[in-house]
Amino acid sequence: MQIQYAERIRTLPPYLFAAIDQMKREALSKGADVIDLSIGDPDIPTPAHIVDAMKKAIENPEHHRYPSYEGMFLYRKAVSDWYRQRFNVKLDPEKEVLSLIGSKEGIGHIPLAFIDPGDIVLVPSPGYPVYPVGTKFAGGVSYFMPLREDNNFLPDLDSIPEDVAKKAKLMFINYPNNPTAATADEKFFKKIIDFAKQYNIIVCHDAAYSEIFYEEKPVSFMQIDGAKEVGVEFHSLSKTYNMTGWRIGFVVGNREVLAGLGKVKTNLDSGVFQAIQEASIVALQTDDNVLEQIRYIYRERRDILCEGLKSAGFEVKKPMATFYLWVKVPQKISSIDFVAQLLKEAEVLCTPGVGFGEHGEGYIRFALTQSKERIKEAVERIRRLKL
């Protein structure tokens, strides 16, 4: 029997992080002591009180059956309470909050609800690979919005051609940003809302890193007047509470948009395990002192890596949020070649910027997901290369 893949996956490039993992495995098989600063997977454990809540919840036989598709009401209520406390945003937990199996799942599925073959989706470049992949799976066409340093890594809406804007159905934005670590202010979000209203575009804001910040708290898209009229905001417990393996998130905002995504999800998945939802209620009620301790760890790592890379000859701008550093390649070679060189000669692994899109070329991304001791060791190894 001859197995033939569908065109939608035959034409996909290798998933960035899978390719990086292969590079890492090959280096480890040769005995390398790899310091992995490539993938944004927190090394800090989930806070103990959340784990304890999960241990208790998992013993409840009620949670062993199918969960509700939209999420437990108490979980959605906890999300709405968190939004009110954190952002002063009021949400109806019944109609304006939807549970997700991690925000990636919701982001990947939302084009299926609104994109027909040939429809245009506005996608940032560099950006999270799931934005264009979800678009492709729905038969849509990605129009890439360059994120350039001279515009603070914000898309230039004025440069989008009129005919493209008129055909666009969805727009993805993401602040604090992965991979650039850029942040956005209220003025930018207001401009997004005006643009969306003018061209009847649904805005999908990915806010997964809103709680990993340092000098200033990021704002929510939902805080801005008119945001709920034009879009939704995706969020995840993964980065905030070090729960990447738990696979739980949520999306909030426009009730018609959530209803569309919900219709896709009811046909493709059966919701989130309720024990995880119950533990996540406890997570969302976590005292900010606990989160500040996590941010302190990342801040310390950020400062060590920033100063270390600068001393090694890199051009580095200290990020105000996320646990990433977006750094210019210090040599006139591709980002992939530089990552391979760094892995071979220093046994330090980071991510090539081009993996996040064409406009990421010329940059590399470091993740602050190793201990400060390992980051110091990585810096020393890189310094010895005399780049």
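Structural notes, computed from the coordinates. In this text the structure is predicted, and so the values were computed from the model without any measurement. (Residues numbered from 1 in each chain as written. Predicted model: local features only at pLDDT ≥ 70, side-chain atom pairs only at ≥ 80, totals over all residues. Heavy atoms only, no water.)

**A closer look at the pattern of salt bridges**
Counted according to the given criterion, the structure contains 33 salt bridges. Arginine 86 serves as the salt-bridge partner of glutamate 211, at 2.8 Å between the closest nitrogen and oxygen. One end of the pair, glutamate 211, is in the loop between β6 (202-206) and α9 (227-230); the other, arginine 86, is in helix α4 (residues 73-87), with 125 residues separating them in the sequence. The residues glutamate 211 and arginine 86 share a single accessibility class, namely buried. A salt bridge links aspartate 288 to arginine 295, with the nearest nitrogen and oxygen atoms 3.0 Å apart. Look at aspartate 288 and you get partly exposed, because its relative accessible area is 38%. One salt-bridge network, in which partners are shared between bridges, spans Asp33, Glu347, Arg374, Glu377 and Arg381. (Salt bridge = Lys/Arg side-chain N within 4 Å of Asp/Glu carboxyl O. Helix = DSSP H or I, 4+ residues; strand = E, 2+ residues; numbered from the N terminus. Buried < 20%, exposed > 50% of the residue type's maximum accessible area, 1.4 Å probe, protein only.)

**Examining the sheet that holds strand β4 (residues 141-146)**
Strand pairs in the sheet, formed through backbone hydrogen bonds, run parallel or antiparallel to each other. In spatial order, the strands read β2-β8-β7-β6-β5-β3-β4; together these 7 strands make up an open sheet with mixed pairing. Strands at the two margins of the open sheet, each flanked by one partner only, are β2 (97-100) and β4. For this sheet, the mean inter-axis angle between neighbouring strands, taken without regard to orientation, is 25°. The pairing of strand β5 (residues 168-174) with β6 spans 5 bridges and is parallel. For isoleucine 173, the partnering residue across the bridge sits in β6 and is histidine 205. Taken strand by strand, helix α10 (residues 255-268) contacts β2, β6, β7 (231-236) and β8 (249-253), and its axis lies near 30° from that of β2. (Pairing = 2+ DSSP bridges. Axes fitted to C-alpha atoms, helices over the stretch in contact; angles between N-to-C directions. Contact = heavy atoms within 4.5 Å.)

**Considerations on the sheet that holds strand β9 (residues 324-328)**
Read across the open sheet, the 3 strands follow the order β9-β12-β11; overall the sheet is antiparallel. Edge positions in the open sheet fall to β9 and β11 (351-352), since each of these has one partner strand only. Bridge count between β11 and strand β12 (residues 363-367): 2 bridges; the pairing is antiparallel. Paired with threonine 351 across the bridge in β12 is arginine 365. Along the sheet, helix α12 (residues 288-311) makes contact with β9 and β12, crossing β9 at roughly 10°. Set on the sheet, helix α13 (residues 335-346) makes contact with β11 and β12; between it and β12 the angle comes to about 45°.

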